[in-house]
Amino acid sequence: MIYEKPSRLMGANLFGAIQHERYTDTCFALSGADLRGMEHLLLRRGPDGARLSPLLNGLIRKKIRMSCELSSPLPKDIAASGRLVTYVVEGESTRSGVLSMSTMPLNGTIPVGSLLGATLIGATRGQKIALLHEDGEIGAVTLLEIHLLNDGPLTA
């Protein structure tokens, strides 16, 4: 994989020019479209007029700060918007859904504007990640498989 080291985030004019030192072992790999989509989520209001919760807002901001923009084509083992992911939350059964750059949970989708979606985007197949809950508890989620909508499951 090739990681680019942009001098500033896409849309950084929204948050000021931000300089980052990027390390491939400590960053999340995201497409440029996903980075821009996450920046727009920070500006959106929900259907009830409310902004994202402070916890979710902080998670998305941290994810943007810790992200490396990938050059094309996006590797198949990276969770990205528009991809079907199969995951398991600690203590629950296996589930799947399509990551969507939204705050609205529609049937079969996982909005990136949710704690689960914001946690999964940029993760790689097999990765176990800390999952924040709105009540302040911390659990874990494991990304089991990633499917491209036109292909089958990605296997090693």
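The structure this text deals with has already been given above.
Along each chain, the written sequence defines residue order, and numbers are assigned to residues from 1. Local features in a predicted model are, by the rule used here, given only for residues with pLDDT of at least 70; side-chain atom pairs are given and counted only at 80 or more, and totals for whole chains, interfaces and linings are based on all residues. In computing side-chain values, all of the structure's heavy atoms are included and hydrogens and water are not.

*Asks:* Which residues make up helix H2 (residues 54-65), and what values do they have?
*Replies:* For H2, spanning 12 residues, the distance from its first C-alpha to its last is 16 Å, which sits close to the expected 16 Å at 1.5 Å a residue. Throughout this description, buried means an accessible area under 20% of the type-specific maximum (1.4 Å probe, protein chains only), exposed means over 50%, and partly exposed covers the range between. Secondary structure follows DSSP: runs of H or I at least 4 residues long count as helices, runs of E at least 2 residues long count as strands, and numbering of each begins at the N terminus. What H2 keeps buried is the set Leu 56, Asn 57, Leu 59, Ile 60, Lys 63 and Ile 64. Projection of H2 onto a plane perpendicular to its axis shows the buried side chains occupying an angular sector of 165 degrees, all on one side. The criterion used for residue contact is that any of the two residues' heavy atoms lie within 4.5 Å. Turning to H2, the residues buried within the fold contact strand S1 (28-30), helix H1 (32-43), strand S2 (67-69) and helix H3 (115-120). For a helix, the expected span equals 1.5 Å multiplied by the number of residues minus one. Working definition: the arc comes from the directions between the helix axis and the C-beta atoms, pointing outward to the latter.

*Asks:* Give me the pattern of salt bridges: which residues, what numbers.
*Replies:* When a carboxyl oxygen of Asp or Glu is within 4 Å of a side-chain nitrogen of Lys or Arg, the pair counts as a salt bridge. Summed over the entire model, instances satisfying the criterion amount to one salt bridge. In this structure, Glu 92 engages Arg 95 in a salt bridge whose closest nitrogen and oxygen atoms are separated by 2.7 Å.

*Asks:* I'd like a rundown of the packing of H1 against H2, residues and numbers included.
*Replies:* Look at H1 against H2: their axes get within 10 Å of each other, and the N-to-C directions meet at 150 degrees. Between H1 and H2, the crossing angle belongs to the class labelled roughly antiparallel. By crossing handedness, the relation of H1 to H2 is classed as left-handed. Judged by residue contacts, Leu 35, Met 38, Glu 39, Leu 41 and Leu 42 of H1 engage Asn 57, Ile 60, Arg 61, Lys 63 and Ile 64 from H2. Put simply, Ala, Val, Leu, Ile, Met, Phe, Trp, Tyr, Cys and Pro go in the nonpolar bin, Asp, Glu, Lys and Arg in the charged bin, and everything else, Gly too, in the polar bin. Within the contact of H1 with H2, the residues separate by chemical class into six nonpolar, one polar and three charged. Note on geometry: axes are lines fitted to C-alpha atoms, helical ones only across the stretch in contact, with angles between N-to-C directions running from 0 to 180 degrees. Every angle not falling under 35 degrees, over 145, or within 65 to 115 is termed oblique; those three ranges are roughly parallel, roughly antiparallel and roughly perpendicular. Each crossing gets its hand from how the near helix is turned against the far one by less than a right angle, where anticlockwise is left-handed and clockwise is right-handed.

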